[in-house]
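Topology and contacts: notes
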Amino acid sequence: MSESVNPQLRPEMAKLPTYKAGKKAAPVNGLTAYKLSSNEIAHSPLPSVVAAIVDAANEINRYPDPFTTNLIQALSDKFAVPAEQIATGTGSVGVCQQIIQSVAGAGDEVIYAWRSFEAYPIIATIAGAVSVQVPLANNGQHDLAAMLNAITSRTRAIFICTPNNPTGGIVTQQEINEFLAKVPENILVVIDEAYVEFNRDANAIDGIATLKAHSNVGVLRTFSKAYGLAGLRVGYFVGPKNIADAVRKTAVPFGVSNIAQVAAVASLEHEAELFKRVEEVIAERTWFESELTKLGFKLPPSQANFVWIPLGERTEEFALRSEGIAVSIRPFPGEGVRISIGERQALERVIELAGEFVF
Ligand SMILES: *Cc1c(COP(=O)(O)O)cnc(C)c1O
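Residues numbered from 1 in each chain as written. Predicted model: local features only at pLDDT ≥ 70, side-chain atom pairs only at ≥ 80, totals over all residues. Heavy atoms only, no water.

Before going further, it helps to spend a moment on empty space enclosed by the protein. Using the criterion set out here, one finds one cavity of 30 Å³ or more in the structure. Reported here for the largest cavity is a volume of approximately 50 Å³. Taken together, H43, S44, P45, L46, V49, Y227, G228, L229, S267, L274 and R277 form the lining of the largest cavity. For the lining of the largest cavity, a count of residues per class yields six nonpolar, four polar and one charged. (1 Å grid on protein atoms, 1.4 Å probe; cavity = no way out; pocket = protein on both sides within 12 Å on 5 of 7 lines; lining within 4 Å. Points joined across faces, edges and corners; volume = space filled by probe spheres on them. Nonpolar A, V, L, I, M, F, W, Y, C, P; charged D, E, K, R; others polar.)

Here it is as structure tokens:
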């Protein structure tokens with residue numbers, strides 16, 4: 001028998017990193033395990049949202065509305081943006097992939113800060129595009145001057161993640177205005193606002209106002225974080241009409257289920273109730289940050305539902321010890337840990353661990 005040969009892959013596949021999803025904590029002798037590694041909301045879904053989902057479950061023998069009409073109309077009303085400028089997808093990660101596939105092909109460049117959201121390099125690579133990673137400034141903030149310098153004739157898109165995952169800092173409106181004034185208008189600038197509902201810095205970017213003022217700016221938003229629908233996979237893009245059109249065309253047909261669509265619409269209807277929970281998360285974040293600061297940790301201020309502790313070489317040690325208290329956190333070896341603001345008991349355990357963590 002001749003030596004077996006596997007089917008040939010595109011060369012990009014060899015470079016493709018695997019998405020590292022936040023892990024579930026393993027239970028430790030009698031301790032309830034907690035997951036603080038995926039930036040989810042710890043609250044269970046609103047009964048009204050569950051009721052809408054249960055109702056829609058009776059129709060799963062039918063394909064969903066491929067145009068997500070009701071959801072897009074609700075978003076159009078919310079933002080006072082024409083429906084034709086809005087497109088939905090299977091999570092904002094799905095939308096992000098549709099955007100990159102629409103604007104960047106082989107050899108084209110996509111600029112984003114690093115460290116930032118782990119999906120960006122994967123999505124750029126799948127499209128055959130080249131990732132241009134611009135290091136964050138020391139305080140974990142975007143270095144917009146360096147990002148401007150990274151623009152070439154091959155640049156097709158620039159991602160700005162604010163608040164940034166995993167460092168939690170924001171880009172200000174003034175910074176983005178100055179930046180956009182210098183970015184050629186044929187380059188798409190995408191502001192990823194997955195955590196915008198948790199921001200309380202009045203100087204931060206207002207993504208929707210910004211896209212209304214620029215022909216090359218779009219915003220990515222999600223129902224996974226503040227709206228608590230991570231398990232249903234629904235997110236959206238608001239931006240230039242031609243990009244929204246392209247996002248619709250590149251979508252997996254019927255990707256956003258009817259259950260996800262009705263849950264998203266119901267969540268928008270019950271936003272006030274959901275945003276009370278967001279306020280609770282912010283209060284917990286403030287408390288958690290101050291406890292860690294009292295212990296001597298130096299944290300960049302977070303405007304998201306997680307906190308970044310730049311532990312450098314001691315990151316893995318911290319992560320290992322958090323396994324011992326049945327709490328999963330998200331380590332970035334050599335850099336730091338990202339801890340989602342979840343259940344109080346889990347955060348208290350982390351503080352206790354941090355207190356024993358000798359400098
Ligand atoms: C969590 C997250 C998203 C949202 O992902 P979904 O696919 O909508 O669940 C998008 N961008 C960033 C930066 C995130 O951290």
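With that settled, the discussion passes to the sheet that holds strand β3 (residues 109-114). Taken together, seven strands build an open sheet; the order of strands is β2-β8-β7-β6-β5-β3-β4 and the sheet is mixed. Only two strands of the sheet have a single neighbouring strand rather than two, namely β2 (86-89) and β4 (130-135). Between one strand and the next, the sheet's axes are offset by a mean angle of 25 degrees, whatever the strand orientation. Inspection of the sheet shows β3 paired to β4 by six bridges, in the parallel sense. Its bridge partner being in β4, W114 is matched across the sheet by P135. Against the sheet, helix α2 (residues 69-79) makes contact with β2, β7 (217-222) and β8 (235-238), and its axis sits at roughly 130 degrees relative to β2, the strand it touches most. (Pairing = 2+ DSSP bridges. Helix = DSSP H or I, 4+ residues; strand = E, 2+ residues; numbered from the N terminus. Axes fitted to C-alpha atoms, helices over the stretch in contact; angles between N-to-C directions. Contact = heavy atoms within 4.5 Å.)

Turning our eyes to something else, we now look at helix α4 (residues 119-126). Since the α-helix advances by 3.6 residues per turn, residues separated by three or four positions end up pointing in the same direction. α4 sits mainly inside the fold: seven of its eight residues count as buried. Downstream of α4 by a residue or two, G128 has a phi angle that is positive, lying close to 85 degrees. (Buried < 20%, exposed > 50% of the residue type's maximum accessible area, 1.4 Å probe, protein only.)

Further remarks concern the pattern of salt bridges. Side chains that differ in charge, positive against negative, can pair when their charged atoms come close. Summed over the entire model, instances satisfying the criterion amount to 17 salt bridges. Ionic pairing is found between D108 and R156, a salt bridge with its closest N-O pair at 3.7 Å. Taken as a pair, D108 in the loop between α3 (91-103) and β3 and R156 in strand β5 (residues 155-161) lie far apart in primary sequence, 48 residues in all. Classification of D108 as buried rests on a relative accessible area of 10%. (Salt bridge = Lys/Arg side-chain N within 4 Å of Asp/Glu carboxyl O.)

Further remarks concern the layout of surface pockets. Size it by volume and the largest pocket reaches roughly 550 Å³. Forming the boundary of the largest pocket are 29 residues, of which K20, K23, I329, R330 and P331 lie nearest the centre. If one sorts the elements of the lining of the largest pocket by residue count, helix α11 (residues 315-324) sits on top with five residues. The residue inventory of the lining of the largest pocket, partitioned by class, reads 16 nonpolar, four polar and nine charged. Lining the lining of the largest pocket are residues from two domains, each supplying at least three of them: domain 1 (18-45 + 272-354) and domain 2 (47-269). Considering only enclosed or pocket space, the second largest pocket measures out at about 450 Å³ in volume. Lining the second largest pocket are 28 residues, and of these Y19, S38, V93, F117 and K225 lie nearest its centre. Counting only elements with at least two residues in the lining of the second largest pocket, the list comes to α3 and β11 (330-332). When its residues are assigned to classes, the lining of the second largest pocket shows nine nonpolar, ten polar and nine charged. (Domains from an automatic or database assignment.)

As used here, a disulfide is simply a covalent bond connecting the sulfur atoms of two cysteines. For the structure shown, the criterion picks out zero disulfides. Not engaged in a disulfide, the cysteine C161 finds its nearest cysteine sulfur in C96; these two sulfurs lie 9.7 Å apart. (Disulfide = S-S within 2.5 Å.)

For α3, built from 13 residues, the straight-helix expectation of 18 Å at 1.5 Å per residue is met to within 8% by its first-to-last C-alpha distance of 19 Å. Along α3, the residues that are buried comprise G91, S92, G94, V95, C96, Q98, I99, I100 and V103. (Expected span 1.5 Å × (residues − 1).)

As a further point, take the sheet that holds strand β9 (residues 306-309). Across the sheet, which stays open at both edges, the three strands sit in the order β9-β12-β11 with antiparallel pairing between neighbours. Two strands close off the open sheet at either side, each with one partner strand: β9 and β11. Going across the sheet, the axis of each strand differs from the next one's by a mean of 20 degrees, ignoring polarity. Summarising the sheet, β9 and strand β12 (residues 336-340) pair through four bridges and their orientation is antiparallel. Bridge pairing in β12 places V307 opposite I339.

The subject of this paragraph is the domain arrangement of the chain. Interface size is commonly expressed as the accessible surface area that is lost when the partners come together. Here the domain parsing of the chain yields domain 1 (18-45 + 272-354) and domain 2 (47-269). Each of domain 1 and domain 2 was reduced to a C-alpha centroid, and the two centroids are 24 Å apart. Contact with domain 1, which involves 27 residues of that partner, is made by 28 residues of domain 2. Both faces considered, domain 1 and domain 2 share a buried interface measuring about 2400 Å² in area, 61% of it formed by carbon and sulfur atoms. Summed over the shared surface of domain 1 and domain 2, the result is three salt bridges. Here R115 makes a salt bridge to E335, at a shortest N to O gap of 2.9 Å. Scanning the region where domain 1 abuts domain 2 turns up nine residue pairs in polar contact (both at pLDDT 80 or more). (Buried area = accessible area lost by both parts, 1.4 Å probe. Polar contact = N/O pair within 3.5 Å; in protein donor to acceptor, adjacent residues only side chain to side chain.)

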